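# Architecture and fold: a report
Here are the chains, one letter per residue:
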Amino acid sequence: MKADNTLDALGLLCPVPIIKTKIKLAEMAGGQVLEVLADDEGFLIDLPAWCKKTGNEFLGIEKEVDFFKGYVRRAR
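Now for a look at the structure at hand. (Residues numbered from 1 in each chain as written. Predicted model: local features only at pLDDT ≥ 70, side-chain atom pairs only at ≥ 80, totals over all residues. Heavy atoms only, no water.)

### Regarding the nonpolar core
The condition is simple: To form a nonpolar core, buried Ala, Val, Leu, Ile, Met, Phe, Trp, Tyr and Cys residues must be joined to one another through side-chain atoms within 4.5 Å. Relative accessible area decides the class of each residue, using a 1.4 Å probe on protein chains only: under 20% of the type maximum gives buried, over 50% gives exposed, and in between gives partly exposed. We count a stretch as a helix when DSSP gives it H or I for four or more residues in a row; a strand needs E for two or more, and each element gets its number in order from the N terminus. Throughout, a residue-residue contact means that at least one pair of heavy atoms, one from each residue, lies within 4.5 Å.
Counting residues in each nonpolar core, the largest one holds 14 residues, and the members touching the most others are Leu-25, Leu-34, Val-36, Phe-43 and Leu-47. Listed by contribution, the elements that provide at least two residues to this core are helix H1 (16-26), strand S2 (33-38), helix H2 (43-54) and strand S4 (68-73). Per-element tally for this core: the top contributor is H2, with 4 residues. Contact partners of Leu-34, with chain neighbours within four places excluded, come to Asn-5, Thr-6, Leu-7, Thr-21, Lys-24, Leu-25, Met-28, Gly-70, Tyr-71 and Val-72.

### Some points on the pairing of S2
Where we set the bar: Paired strands, as defined in this entry, are two strands with at least two bridges between them according to DSSP. A crossover counts as right-handed when, viewed with the strands pointing away from the observer, the path leading from the first strand over the helix to the second turns clockwise.
Along S2, 6 of the 6 residues are buried, which leaves the element largely enclosed by surrounding structure. The side-chain alternation of S2 yields two buried faces, one formed by Val-33, Glu-35 and Leu-37 and the other by Leu-34, Val-36 and Ala-38. The pairing of strand S1 (residues 5-8) with S2 spans 4 bridges and is classified as parallel. Counterpart to Leu-7 in the pairing with S2 is Val-36. Following the backbone out of S1, through H1 and into the adjacent parallel S2, one traces a crossover that is right-handed. As judged from the 6 bridges shared by S2 and S4, these two strands associate in the antiparallel manner. By the bridge assignment for S4, Ala-38 is matched with Phe-68.

### Quick notes on the sheet that holds strand S3 (residues 57-63)
Just so we agree on the cut-off: Each axis is a line fitted through C-alpha atoms, taken for helices only over the stretch in contact, and angles between the N-to-C directions span 0 to 180 degrees.
Strand order in the open sheet formed by 4 strands is S1-S2-S4-S3, with mixed pairing between adjacent strands. Edge positions in the sheet fall to S1 and S3, since each of these pairs with one other strand and no more. Neighbour to neighbour, the strand axes of the sheet diverge by 20° on average, direction disregarded. Pairing between S3 and S4: 6 bridges, direction antiparallel. Along S4, the bridge assignment pairs Phe-58 with Val-72. In this fold H2 packs onto S2, S3 and S4, with an angle of close to 165° to the strand it touches most, S3.

Everything listed here is a matter of geometry and, on its own, says nothing about what the molecule does.
Given below as structure tokens:
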């Protein structure tokens, strides 16, 4: 998936990847896509739940060998 920006949250435990996602998205324009790299299993549940709560669009999570790539489109 094509992302406008990437956030490296590898090695960070819940809730830090979501907190960093919130901060990074606030710096981005509406409609832009953020790719978040994380290796905490809680990220699989936390990212879609956070998107639903905040109105940002959850675009999915891809599983890599040792980590996950989550994609979020910033709300306008």
